[in-house]
Amino acid sequence: MEPIEKKSPTSGIHSKQRELAHSPLWLSPSSVAVFQQCPRQYKFRYIDKLAAQYFKPRAYFTMGNHIHAALKDFLSIVPELRTPDIAKEFLLKNWESSHLGFKDSEDEKRWFNKACRQVEAFAISPYATGNPLMLESPVEALVSPGVMLYGRVDRVDQEPDGRIHIIDYKTGREPSPIIWTQLQLQSLILSIGLSLFIRSVSFLFLDRCHLHSREVSPSDLADTRWEFLGIASKIRRERRYLPRPGVWCEGCDFVSLCSATAAKATPLMPTG
């Protein structure tokens, strides 16, 4: 009879760490933002895969999803038919698919009316014209051996000279200052994965149809690539995943798992 092999209590942990170290690393602009904000939340969401189990519906997410879907439908029809009434019809059609996160019927009505104002304002804005190259499209790129960057672009327009303009819709309030990391990473994906020449990126804040834009140069993309690979390297090396308590804890789905340790942990200095 062969002797029974005794395993160390930590052997499972070390095995998982080795597996993570050698498996392809898939990152998105969202996962990068989560890691920089709170490594503990990153672990719960992307390593332990607890997002579906602890997901809490929120009204602003539901409204945002419906607006994005409605604008995709709206921009998929010929420009001559793009009227405020048609935009509202698309919103109503998509709204019927989900009512998650609303406190009651009155709360839902308030969110719906807000969404209506945004899509109707969009319909009469200059941004409702043209035929976008991409709408709500999944994209990915191999940035370095073993490191994939993926995401979803709201809208990609192609200029007459072939250069690309990436537009991301925002349904909430305009932050100050504006953080461009999301669009910088989307530019990197499209430039590498689809060999597109990126000219500019924009956030379109739908509440007032206010566009914030910036130019993108080859040197910008090179800087973004190196910064991204630096973050990817930190994620590869991470072992402790300490919580980083802050104002974002209130909206975190994993507070019930983390509150005790977050209270005892020493906050890390913000990066970037």
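None of the values given here were measured: they were computed from a predicted structure. (Residues numbered from 1 in each chain as written. Predicted model: local features only at pLDDT ≥ 70, side-chain atom pairs only at ≥ 80, totals over all residues. Heavy atoms only, no water.)

Account for the overall build of the protein chain, with residues named and values stated.
Across its full length, the protein chain holds ten helices and six strands. In the protein chain, which comprises 272 residues, the proportion classed as buried is 40%. Pairs at least 24 residues apart make up 68% of the contacts formed inside the protein chain by residues separated by at least 6 positions. In the form shown here, the protein chain has an accessible surface area of approximately 15900 Å², with 57% of it arising from carbon and sulfur atoms. (Helix = DSSP H or I, 4+ residues; strand = E, 2+ residues; numbered from the N terminus. Buried < 20%, exposed > 50% of the residue type's maximum accessible area, 1.4 Å probe, protein only. Contact = heavy atoms within 4.5 Å. Areas by Shrake-Rupley, 256 points an atom, 1.4 Å probe, with all protein chains shown as cover.)

So what's going on with the packing of aromatic side chains? Residues and values would help.
Scanning all chains against the criterion turns up twelve aromatic pairs. Both rings, one in Phe35 and one in Tyr42, keep their centres 5.4 Å apart while their planes meet at 80°; by these two values the pair is edge-to-face. Residue class for Phe35 comes out buried when judged on its relative accessible area of 7%. An aromatic cluster is present here, built from Phe35, Tyr42 and Tyr46 joined pairwise through their rings. The ring of Trp226 carries Arg225 above its face, with NZ or CZ at 5.4 Å from the centroid. (Phe/Tyr/Trp six-rings, centres within 6.5 Å; stacked < 30°, edge-to-face > 60°. Lys NZ or Arg CZ within 6 Å of the ring centre and 35° of its normal.)

Explain a nonpolar patch on the surface residue by residue, including any values.
On the surface, Phe55, Tyr60 and Phe61 cluster together into a nonpolar patch covering about 310 Å² of accessible area. Residue placement: Tyr60 occurs in helix α5 (residues 59–75). (Patch = residues over 30% accessible without salt bridge, like charges linked within 9 Å, V, L, I, M, F, W, Y side chains within 5 Å. Salt bridge = Lys/Arg side-chain N within 4 Å of Asp/Glu carboxyl O.)

Please provide a residue-by-residue account of the pairing of strand β5 (residues 198–205), values included.
Residues in a regular strand project their side chains so that they alternate between the two faces of the sheet. Counted residue by residue, β5 has eight buried out of eight residues, so it is predominantly covered. Note that strand β4 (residues 164–170) and β5 share seven bridges and pair parallel. Each residue of the ladder has a partner; that of Ile164, found in β5, is Ile198. As a crossover connection, the stretch from β4 through helix α8 (residues 181–193) into β5 is right-handed. With six bridges joining them, β5 and strand β6 (residues 210–215) adopt antiparallel strand pairing. Within β6, the position partnered with Phe203 by the bridge is His212. Linking two consecutive strands that pair antiparallel, namely β5 and β6, is a turn of four residues; a positive phi of about 50° is found at Cys209 within it. (Pairing = 2+ DSSP bridges. Right-handed = clockwise from strand over helix to strand, strands pointing away.)

Could you give me a rundown of the side chain of Ser191, with the residues and numbers involved?
Within the secondary structure, Ser191 is located in helix α8. Here the side chain of Ser191 touches Leu188 through a polar contact of 3.0 Å, landing on its backbone oxygen. In contact with Ser191, other than residues within four places in its own chain, are Leu196, Ile198 and Leu221. (Polar contact = N/O pair within 3.5 Å; in protein donor to acceptor, adjacent residues only side chain to side chain.)

Tell me what's going on with the environment of Tyr150, and back it up with residues and numbers.
Relative to the elements of secondary structure, Tyr150 occurs in strand β3 (residues 147–158). Given the relative accessible area of 30%, Tyr150 is considered partly exposed. C-alpha of Tyr150 to C-alpha of Gln186: the two residues are 36 residues apart in sequence and 8.2 Å apart in space. Not counting residues up to four positions away in its chain, the partners in contact with Tyr150 are Trp26, Leu27, Ser28, Pro29, Val139, Glu140 and Ile189.

Give me the lowdown on the nonpolar core, citing residues and values where you can.
Counting 36 residues, the largest nonpolar core has Leu27, Tyr42, Leu190 and Phe228 as its most contacted members. Looking at this core element by element, the count peaks at six residues for helix α9 (residues 218–237). With sequence-adjacent residues up to four places away left out, Tyr42 is seen in contact with Leu25, Leu27, Ser31, Val34, Phe35, Ile47, Ile235 and Tyr241. (Core = buried A, V, L, I, M, F, W, Y, C linked by side-chain atoms within 4.5 Å.)

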